[in-house]
Amino acid sequence: MQLRYNYRAYPDASQRRALASAFGCARVVWNDCLRDRKEAHAAGLPYVKSAELSRLRITQAKRTEERAWLADVSAVVLQQSLRDLDTAYKNFFDSLKGKRQGRKVGPPRYKSKKDTRQSIRLNINAFSLQANGTVYVAKVGNLKVKWSRRLPAAPTSLTVTKDSCGRYFLSFVVDTEPDILPEVEAESGIDLGLSAFAVLSDGRKIDSPRFLRRAEKKLKRLQRELSRKAKGSKNRAKARMKVARQHAKVANRRRDFHHKASTQIIRDNQAVYVEDLAVSGLGRTRLAKSVHDAGWSTFVGMLQYKAALHSRTFAKVDRAFPSSQVCSACGFRDGPKPLHVREWTCGECHAVHDRDHNAARNVLFEGRRIVAAGRAETLNASWSAGKTGTKVPAQRGEAGSPWKGQTTQAGIPEL
């Protein structure tokens, strides 16, 4: 399976200029190729092939006066930008034909140099790990990296990213084998909420940290300062950077909380079941800020890929399942209840239930039923059986465990 490992990079002034040039060249190639395909479609011409675009917009463009600066960056960056455009079109066409699951994917769009996030992708031919702990990137140089953990194997690709507050990150994709944990008997159903972030079927509650709400006062002050600065001024750019840094702190705290909570749940339980919430719909209600502050989708995604990594069972319970209406003791359906009702008594067996704990127990029972019926398409099923080669895509967030003295792998620097 594939995992993604993120590390902070610290390029010097000349390397930052080289990376800015690479970001711009990749963006120009993307926009030029996208424009050619859009114009061909508008004129009723056939879909322009990638080989033709590579010849026109990369090879021949370097020889022209207008695009001669494309030769200043690695050709791998330009070719990878074209491959990413092909992937975007493929996802769009598959979504139209119904071959792609999930939400509908729109057509590719033009990229702007004013985007706060810039990135380039490289394959193994354009970067290498050096013995002194730096990472060599073609036509950029040796980048200084803060190694927070060791890579478990040689990486297959690298993404260099600059975020909205000016930080640089290196994201390595690594092919690894599942890290199978010892089996345990416990299983858990999880009910996600706002008053408590998560309630487990065994009665444990994970409090909601509300990172955005806690930082809201400072964010409001920084946003007021930003609104008073003249547009286009250097002071406005500095104020915008302060706002971006504060938002980055909130996002980092939330991500760290999600990783710790999800790892603990996966290690303690052999099977994890969670309700499939309609987060996009809840994000359009009056509770939108609190819903986005909780980050349920990110948390569930971490549970899913960590279950696959550690050979645990993971399944989602349909959002239409009435987990808050059914008595977990006798199975009597007592009807819907408003949100302010946090405790209720079953009309059949007279058992007193905490709303969230009862819902978590019902999620556990329904998840067991789904798995027993064979209708749970868990990611780890094929890996635990060892019979198929189903690929698990690399997650966007940082994955893996801290280094604890493992031996050095081939191609990995001594840290």
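Residues numbered from 1 in each chain as written. Predicted model: local features only at pLDDT ≥ 70, side-chain atom pairs only at ≥ 80, totals over all residues. Heavy atoms only, no water.

## Details of the overall build of the chain
On a plain count of helices and strands, the chain comes out with 10 helices and 15 strands. C-alpha extents for the chain along the principal axes are approximately 80 × 60 × 55 Å. Going through the 415 residues of the chain one by one, you find that 44% of them count as buried. The centroid of the 78 positive side-chain charges in the chain is displaced by 9 Å from the centroid of its 39 negative side-chain charges. (Helix = DSSP H or I, 4+ residues; strand = E, 2+ residues; numbered from the N terminus. Buried < 20%, exposed > 50% of the residue type's maximum accessible area, 1.4 Å probe, protein only. Lys, Arg positive; Asp, Glu negative; His and termini not counted. Charge placed at Lys NZ, Arg CZ, Asp CG, Glu CD.)

## Quick look at a positive patch on the surface
Taken together, the side chains of Arg 214, Lys 218, Lys 234, Lys 238, Lys 242, Arg 245, Lys 249 and Arg 253 define a basic patch exposed on the protein surface. Those elements giving two or more residues to the positive patch turn out to be helix H4 (211–227) and helix H5 (234–268). Looking at the positive patch element by element, the count peaks at six residues for H5. Take Lys 238: its relative accessible area is 54%, and that puts it in the exposed class. (Patch = residues over 30% accessible without salt bridge, like charges linked within 9 Å, V, L, I, M, F, W, Y side chains within 5 Å. Areas by Shrake-Rupley, 256 points an atom, 1.4 Å probe, with all protein chains shown as cover. Salt bridge = Lys/Arg side-chain N within 4 Å of Asp/Glu carboxyl O.)

## Points about the pairing of strand E2 (residues 118–123)
Two faces belong to every sheet, and in a regular strand the side chains alternate between them. Here E2 shows one buried face, formed by Gln 118, Ile 120 and Leu 122, and one open face, formed by Ser 119, Arg 121 and Asn 123. In this sheet, strand E7 (residues 155–162) lies alongside E2 in antiparallel orientation, the contact comprising six bridges. Paired with Gln 118 across the bridge in E7 is Lys 162. (Pairing = 2+ DSSP bridges.)

## As for unusual backbone geometry
The residue Lys 139 is not glycine, and still its phi comes out positive at about 60°. Examined against the element boundaries, Lys 139 turns out to sit in the loop between strand E4 (135–137) and strand E5 (141–143). Here Arg 210, not a glycine, exhibits a phi torsion of approximately 55°, which is positive. With respect to the secondary-structure elements, Arg 210 resides in the loop between strand E11 (205–207) and H4. Since its relative accessible area comes to 40%, Arg 210 is described here as partly exposed.

## Examining H4
Its 17 residues place the ends of H4 23 Å apart at the C-alpha level, agreeing with the 24 Å of an ideal helix rising 1.5 Å per residue. Of all the bends in H4, the largest measures some 45° and sits at Lys 217. (Expected span 1.5 Å × (residues − 1). Bend = angle between axes of the 7 residues up to and from the residue.)

## Observations regarding the side chain of Ser 201
Considering the arrangement of structural elements, one finds Ser 201 in the loop between strand E10 (196–200) and E11. Sequence-distant contacts of Ser 201, that is, excluding residues within four places in its chain, are made with Glu 187, Ser 188, Gly 189, His 357, Ala 360, Arg 361 and Leu 364. (Contact = heavy atoms within 4.5 Å.)

## Some details on the packing of aromatic side chains
Pairs of aromatic rings are described using the distance from one ring centre to the other and the angle between the two planes. Scanning the entire structure with this criterion turns up 11 aromatic pairs. Judged by centre distance (5.6 Å) and plane angle (40°), the ring pair of Phe 92 and Phe 93 falls under tilted. A residue is classified by how much of its surface remains accessible, and Phe 92, at 16% relative accessible area, is buried. Members of the aromatic cluster, joined through ring pairs, are Tyr 7, Phe 127, Trp 147 and Phe 172. Lying across the ring of Trp 30, Lys 111 places its NZ or CZ 4.2 Å from the centre. Sitting over the face of the ring of Trp 344, Lys 337 holds its NZ or CZ atom 4.0 Å from the ring centroid. (Phe/Tyr/Trp six-rings, centres within 6.5 Å; stacked < 30°, edge-to-face > 60°. Lys NZ or Arg CZ within 6 Å of the ring centre and 35° of its normal.)

## Description of helix H8 (residues 296–309)
For H8, spanning 14 residues, the distance from its first C-alpha to its last is 20 Å, which sits close to the expected 20 Å at 1.5 Å a residue. The buried count for H8 comes to 10 of 14 residues, which makes it a mostly enclosed element. Three or more residues of H8 are buried, namely Trp 296, Phe 299, Val 300, Met 302, Leu 303, Tyr 305, Lys 306, Ala 307, Ala 308 and Leu 309. After H8 finishes, the residue Ser 311 shows a positive phi value of roughly 60°.

## Details of the sheet that holds E2
Across the sheet, which stays open at both edges, the five strands sit in the order E2-E7-E8-E1-E6 with antiparallel pairing between neighbours. Either end of the sheet is taken by a strand with one partner, and the two such strands are E2 and strand E6 (145–146). One ladder, built from eight bridges, connects strand E1 (residues 2–9) with strand E8 (residues 168–175); its direction is antiparallel. Across the sheet, residue Ala 9 finds its bridge partner in E8, namely Tyr 168. Docked against the sheet, helix H1 (residues 13–42) engages E2, E7 and E8, running at close to 85° with respect to E2. (Axes fitted to C-alpha atoms, helices over the stretch in contact; angles between N-to-C directions.)

## Re the nonpolar core
By size, the foremost hydrophobic cluster in this structure holds 52 residues, and its most contacted members are Val 135, Leu 158, Leu 170 and Phe 172. With 11 residues, the top contributor of residues to this core is H1. Contacts of Leu 170, omitting those with residues within four sequence positions, involve Tyr 5, Asn 6, Tyr 7, Ala 9, Val 135, Leu 143, Val 145, Leu 158, Thr 159 and Val 160. Grouped together as the second largest cluster of nonpolar side chains are 26 residues, Phe 197, Ile 265, Ile 266 and Val 272 included. (Core = buried A, V, L, I, M, F, W, Y, C linked by side-chain atoms within 4.5 Å.)

## Focus: the pattern of salt bridges
Within this structure, the stated rule accounts for 20 salt bridges. Asp 32 is the salt-bridge partner of Arg 67, the closest N and O atoms lying 3.2 Å from each other. Of this pair, Arg 67 sits in the loop between helix H2 (50–59) and helix H3 (75–97) while Asp 32 sits in helix H1, and the two are 35 residues apart along the sequence. Using a relative accessible area of 25% as the deciding quantity, one classes Arg 67 as partly exposed. Judged by relative accessible area, which is 5%, Asp 32 ranks as buried. Ionic pairing is found between Asp 293 and Arg 254, a salt bridge with its closest N-O pair at 3.1 Å. Taken together, the residues Asp 293 in helix H7 (residues 288–294) and Arg 254 in helix H5 connect sequence positions 39 residues apart. Pair check on accessibility: Asp 293 and Arg 254 agree, each one buried. Several salt bridges converge on common partners, so that one network encompasses Asp 32, Arg 35 and Arg 67.

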